[in-house]
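One letter stands for each residue in the lines below.
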2 protein chains.
Amino acid sequence: MSTNVWNGEHRRIHMQEVGTRDGLQAECAFVDTQDKIALVNALSDSGVAKIEVTAFVSPQAIPALRDAEIVMREIERKPGVVYTALVPNVRGAERAIDARADELNLVMSASESHNLANLRMTQAQSFGALKQVASLARASKLPVDISLSCAFGCPMEGDVSEATVLHWSQRLIEEAGARGITLCDTTGMAYPSQVARLTAMFIEHWPHTELTLHFHNTRGMGLANVLAAIDAGANRFDASLGGIGGCPYAPGASGNVCSEEIVHALECMGYDTGVDLAALIAASKRLPALIGHETPSQIVKAGRRLDLHPLPADFAAIRERALQRDAASAEPRG
Amino acid sequence: MSTNVWNGEHRRIHMQEVGTRDGLQAECAFVDTQDKIALVNALSDSGVAKIEVTAFVSPQAIPALRDAEIVMREIERKPGVVYTALVPNVRGAERAIDARADELNLVMSASESHNLANLRMTQAQSFGALKQVASLARASKLPVDISLSCAFGCPMEGDVSEATVLHWSQRLIEEAGARGITLCDTTGMAYPSQVARLTAMFIEHWPHTELTLHFHNTRGMGLANVLAAIDAGANRFDASLGGIGGCPYAPGASGNVCSEEIVHALECMGYDTGVDLAALIAASKRLPALIGHETPSQIVKAGRRLDLHPLPADFAAIRERALQRDAASAEPRG
């Protein structure tokens, strides 16, 4: 069978874990600092390519991540894993650099309304601020990834045009000097046709820029979107352990795509994620005790596809009775 | 852009609703007969191609569907919609024929262990019984669909070989005379590579047999499996309103793929499901009151992708403050 998206044929897919940042920041419970460190270490051991460890934001704004410095400093650094952190501004970047982040992740929105509502700045203001942070990172020789929120639609404005996404991507890459761009499906509006088209256009324009796709499973299209992006040439995906991280616009709906669900599916399909799925599932099973509730992970609930179940206890008797019916009907009926 | 699976280009996909049978039989609550009839009528109006209305089984075995005759007789028949019913044996077939089912849906398993555990018969015994039912249906000029459970894996045996699935498909089509075959992913073990391969093989062998794919979303691969099957040539899918219908092997995990999630995704992608999505969602929203709990439907929770949200109440003030910062920084600093 020819190479197609349904058959991974050992193609490498880079899994980037966002649970400890995007996930935990949405939780009510404060997860103990040592537990966070242990969780990041477990994720490192599982073989993910990148971990968004934390965010260097105001402790008042996001108290759940008020221990960003300690976490970033005290995690074990596993060679080959990139430890990144979200930074909203120059102050955050300075803190992240001090704490030895490998990469800074900056953010603005492809939608003016969402940028204002979420970041309290116009897009032009955000872009100006990003350039300052990027130049600080450059001075420290740190690579910058810029996350473009609402790249597949804005919950207030609706569709965001491909031209708009490409316009901002161009400015972020060529003017701000981003090494990587993450196209974020912030509220789960992406659908596969759009993902395939936009991913192909992006890669055609910037083949040497590290492209990440960040999908939410809000409307059940997460894995399909990952596959559409792979088919168009992408190989880096954000995902969240246990699928934690909600969407404020859809209470009760899933947030980030679930790391172990994506890895499970891709490994079934023959892709090489580099991830030890059993280790990832074990890490995910720690979450409920830390956050105080179950996660949406279907793999934690159902197990892997070949985690088998025992035969019913009375199976031998069922089989015996069935076979006796054959014997009975084979006898001459008199 | 060339035709590919990500772009539906108005290709017709037939949606077959199984919520009133596969879904309701798994519920603890008995749904009032008139409510069932109203639900089937709402589904008819939504434009689905086929509805598995009920099952003609022993009322002791499945009390939730003990009103099969009344429901099947009293629903409104919409031209173009096929009203099918599950029948386990000759007695069930006689009842379904009396109640004017358009089609009989029979079932056996591709796995001997699952067949014994679930149906208390060997596969050979089930096949013999199916042939009897099929010949009764033929005498009444009713078409027969046969559902092959565990076609993508057995929760007790593990992988089921493609050769086994093709063997039973052949016997069901060529010896038992099935007009249609449903390959059932009974416990959510299907994955896209397997689905694409098996679907292609099936269609190559039996291009004129009506093939249905019946997926569960147990491990989050439901939509991806639907797309893999479409890419391989399939165009008929079972799905359950609200995603109701559990999997006894994975408590808490999703069961059947959710009708409105599949229709939403396919319509976003430009496929023609013939379904009025708003009507389908409205029907799904009736379910919690009938079954006494929320459904797993992500579309009911999150809305369609372009169901937009209002700007924040203080949006004008946010914007004003942002613009004032520009004005302030434009002034000479003294």
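Residues numbered from 1 in each chain as written. Chains lettered and ligands numbered in written order. Predicted model: local features only at pLDDT ≥ 70, side-chain atom pairs only at ≥ 80, totals over all residues. Heavy atoms only, no water.

- With an unreviewed UniProt entry as reference, chain A is termed Hydroxymethylglutaryl-CoA lyase, source organism Trinickia violacea.
- Database annotation for chain A, UniProt heading Sequence similarities (unreviewed entry): "Belongs to the HMG-CoA lyase family." (UniProt positions renumbered as here; feature names shortened; annotations may be inferred.)

## Quick word on the relation of the copies chain B and chain A
1) Next: Of the transformation superimposing chain B on chain A, the axial component is 0.0 Å and the angular component is 180°, with the fit at an RMSD of 0.0 Å. Both copies of the chain, as the preceding transformation shows, are related through a two-fold rotation axis. Closest approach to the rotation axis among the C-alpha atoms of chain B is made by Ala224 of chain B, whose C-alpha sits 2.5 Å away.
2) Next: A high fraction, 100%, of the interface residues of chain B reappear at the interface in chain A, so the copies pair face to face through one surface. (Least-squares fit on C-alpha atoms with pLDDT ≥ 70 in both. Contact = heavy atoms within 4.5 Å.)

## Describing the interface of chain B and chain A
1) Next: Chain B puts 68 residues into the contact, and the matching count from chain A is 68 residues.
2) Next: For the pairing of chain B and chain A, the buried interface totals around 5400 Å² over both sides, and the portion due to carbon and sulfur atoms is 61%.
3) Next: By the criterion of area lost to chain A, the three top residues of chain B are Trp6, Arg219 and Arg305 of chain B, representing 16% of everything that side buries.
4) Next: Here chain B is connected to chain A by 4 salt bridges.
5) Next: In this structure, Asp159 of chain B and Arg305 of chain A form a salt bridge, with 2.8 Å as the shortest nitrogen-oxygen distance.
6) Next: For the side of chain B that touches chain A, the secondary-structure elements that each account for two or more residues are helix 5 (112-119), helix 8 (192-205), helix 9 (222-231), helix 10 (259-268), helix 13 (298-302) and helix 14 (315-330) of chain B. (Buried area = accessible area lost by both parts, 1.4 Å probe. Salt bridge = Lys/Arg side-chain N within 4 Å of Asp/Glu carboxyl O. Helix = DSSP H or I, 4+ residues; strand = E, 2+ residues; numbered from the N terminus.)

## Considering the side chain of His14 of chain B
1) Next: Positionally, His14 of chain B belongs in strand 1 (residues 14-17).
2) Next: Every residue in contact with His14 of chain B, bar those within four places of it in the chain, is listed here: Ala49, Asn235, Arg236 and Phe237 of chain B.

## A few points about helix 11 (residues 277-285) of chain B
Residues and elements named next belong to chain B.
1) Next: Residues Leu277, Leu280, Ile281, Ala283 and Ser284 constitute the buried set of helix 11. Buried residues of helix 11, seen end-on, are gathered within an arc of 160° and therefore sit on one face of the element.
2) Next: Contacts made by the buried residues of helix 11 are with helix 2 (33-46), helix 10, helix 12 (287-291) and helix 13.
3) Next: Between a side-chain oxygen at the N-terminus of helix 11 and the backbone nitrogen of Ala278 the separation is 3.1 Å; the capping residue is Asp276. (Buried < 20%, exposed > 50% of the residue type's maximum accessible area, 1.4 Å probe, protein only. Arc of directions from axis to C-beta. Polar contact = N/O pair within 3.5 Å; in protein donor to acceptor, adjacent residues only side chain to side chain.)

## Overview of the pattern of salt bridges
Residue and element names in this part refer to chain B.
1) Next: In total, this model carries 30 salt bridges over all chains according to the counting rule given.
2) Next: Arg21 serves as the salt-bridge partner of Glu52, at 2.7 Å between the closest nitrogen and oxygen. Of this pair, Glu52 sits in strand 2 (residues 50-55) while Arg21 is found in helix 1 (residues 19-23), placing the two residues 31 residues apart along the sequence. Both residues of the pair, Glu52 and Arg21, belong to the buried class.
3) Next: For the salt bridge of Arg77 with Asp102, the shortest nitrogen-to-oxygen distance reads 3.8 Å. Taken together, the residues Arg77 in the loop between helix 3 (68-74) and strand 3 (82-86) and Asp102 in the loop between helix 4 (90-98) and strand 4 (103-109) connect sequence positions 25 residues apart.

## Looking at the packing of aromatic side chains
Two aromatic rings, taken as a pair, are described by how far apart their centres are and by the angle between their planes.
1) Next: Taken as a whole, this structure holds 7 aromatic pairs over all chains when the rule is applied.
2) Next: Summarising the aromatic geometry, the rings of Phe127 of chain B and Trp168 of chain B are spaced 5.9 Å apart at their centres and angled 55° between planes, so their arrangement reads as tilted. With Phe127 of chain B in helix 6 (residues 123-139) and Trp168 of chain B in helix 7 (residues 162-175), the pair connects residues that are 41 residues apart, well separated along the chain. Neither residue differs from the other here; Phe127 of chain B and Trp168 of chain B are each classed as buried.
3) Next: Note that Arg66 of chain A overlies the ring of Phe30 of chain A, its terminal NZ or CZ placed 3.9 Å from the centroid.
4) Next: One cation-aromatic arrangement involves Arg171 of chain A over Phe127 of chain A; the distance from NZ or CZ to the ring centre is 4.2 Å. (Phe/Tyr/Trp six-rings, centres within 6.5 Å; stacked < 30°, edge-to-face > 60°. Lys NZ or Arg CZ within 6 Å of the ring centre and 35° of its normal.)

## Considering the sheet that holds strand 8 (residues 236-239) of chain A
Residues and elements named next belong to chain A.
1) Next: Strand order in this closed barrel of 8 strands is 1-2-3-4-5-6-7-8, and the pairing throughout is parallel. The average undirected angle you get between the axes of adjacent strands in this sheet is 25°.
2) Next: The pairing of strand 5 (residues 144-149) with strand 6 (residues 180-184) spans 4 bridges and is parallel. Across the sheet, Leu148 pairs through a bridge with Leu183, a residue of strand 6.
3) Next: Relative to strand 4 (residues 103-109), helix 5 (residues 112-119) is tilted by about 120°, and along the sheet it contacts strand 4 and strand 5. (Pairing = 2+ DSSP bridges. Axes fitted to C-alpha atoms, helices over the stretch in contact; angles between N-to-C directions.)

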